Amino acid sequence: MSSQPVPGPPSDLDLILALDDRWNAAYHHRDPGRLDTVLADDWLGFYHDGTTVTKQELLTGMQTNPTTPLIFERHAARLHGDTAITRGTLYAAGMRVQSFLRVYARQDEHWQAVSVQVIP
């Protein structure tokens, strides 16, 4: 009789990667309801031209995004205590659109996205 190892709880890095994947899927499907659970209420985005966007502005704007197929490529993910970052690139219809740095924070044992910086 062979015993299979019992998987332990997911690591913090596993949780961040899953959260990042949920963000990508929500954006790909233009599903603000799905993205709402990923972003902290005080989430704030920063664009290359200095424009800032709040969580509500992002969720509202998603509904009018073109339905072009999206592909997300993750380049890195790192943990720093109760903070984590992921870095990636977004492609639409096969063309590079932007790169981004996402910031996640753990509050009360729960991870959520707190910010993103987007560059062309």
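Before reading further, recall that the structure is shown in the block above.
Residues numbered from 1 in each chain as written. Predicted model: local features only at pLDDT ≥ 70, side-chain atom pairs only at ≥ 80, totals over all residues. Heavy atoms only, no water.

A. Representation of the overall build of the chain in the model. Counting its regular elements, the chain contains three helices and six strands. Reading the secondary structure of the chain in the N-to-C direction produces α-α-β-β-α-β-β-β-β. Considered along the principal axes of its C-alpha atoms, the chain spans approximately 60 × 30 × 25 Å. In the chain, of all internal contacts separated by at least 6 residues, the share reaching a separation of at least 24 is 43%. Accessible surface, the chain as shown: approximately 7400 Å² in total, 55% of it carbon and sulfur. Averaged over its 10 positive side-chain charges, the chain has a centre that lies 7 Å from the centre of its 14 negative ones. (Helix = DSSP H or I, 4+ residues; strand = E, 2+ residues; numbered from the N terminus. Contact = heavy atoms within 4.5 Å. Areas by Shrake-Rupley, 256 points an atom, 1.4 Å probe, with all protein chains shown as cover. Lys, Arg positive; Asp, Glu negative; His and termini not counted. Charge placed at Lys NZ, Arg CZ, Asp CG, Glu CD.)

B. Geometry of the sheet that holds strand β1 (residues 39–46). Ordered by their spatial adjacency, six strands build an open sheet running β2-β1-β6-β5-β4-β3, and the pairing between neighbours is mixed. Two strands in the sheet have a free side with no partner beyond their single neighbour: β2 (52–54) and β3 (70–80). Across the sheet, the axes of successive neighbouring strands diverge by a mean angle of 20°, strand direction being ignored. Two elements, β3 and strand β4 (residues 83–92), share ten bridges in a ladder whose sense is antiparallel. (Pairing = 2+ DSSP bridges. Axes fitted to C-alpha atoms, helices over the stretch in contact; angles between N-to-C directions.)

C. Molecular detail of the nonpolar core. Counting 24 residues, the largest nonpolar core has Trp 23, Tyr 27, Leu 35, Leu 39, Trp 43 and Tyr 104 as the members making the most contacts within it. Elements supplying a minimum of two residues to this core: α1 (12–28), β1, α3 (55–62), β3, β4, β5 (95–107) and β6 (110–119). For this core, the leading source of residues is α1, giving five residues. If near-sequence neighbours (up to four positions away) are discounted, Leu 35 is found in contact with Trp 23, Ala 26, Tyr 27, Leu 58, Leu 59 and Met 62. (Core = buried A, V, L, I, M, F, W, Y, C linked by side-chain atoms within 4.5 Å. Buried < 20%, exposed > 50% of the residue type's maximum accessible area, 1.4 Å probe, protein only.)

D. Region of the structure containing the environment of His 48. Among the structural elements, His 48 can be located in the loop between β1 and β2. Between the C-alpha atoms of His 48 and Val 118, which are 70 residues apart in sequence, the distance is 6.0 Å. Those residues within four positions of His 48 in sequence are excluded, and the remaining contacts are Val 118, Ile 119 and Pro 120.

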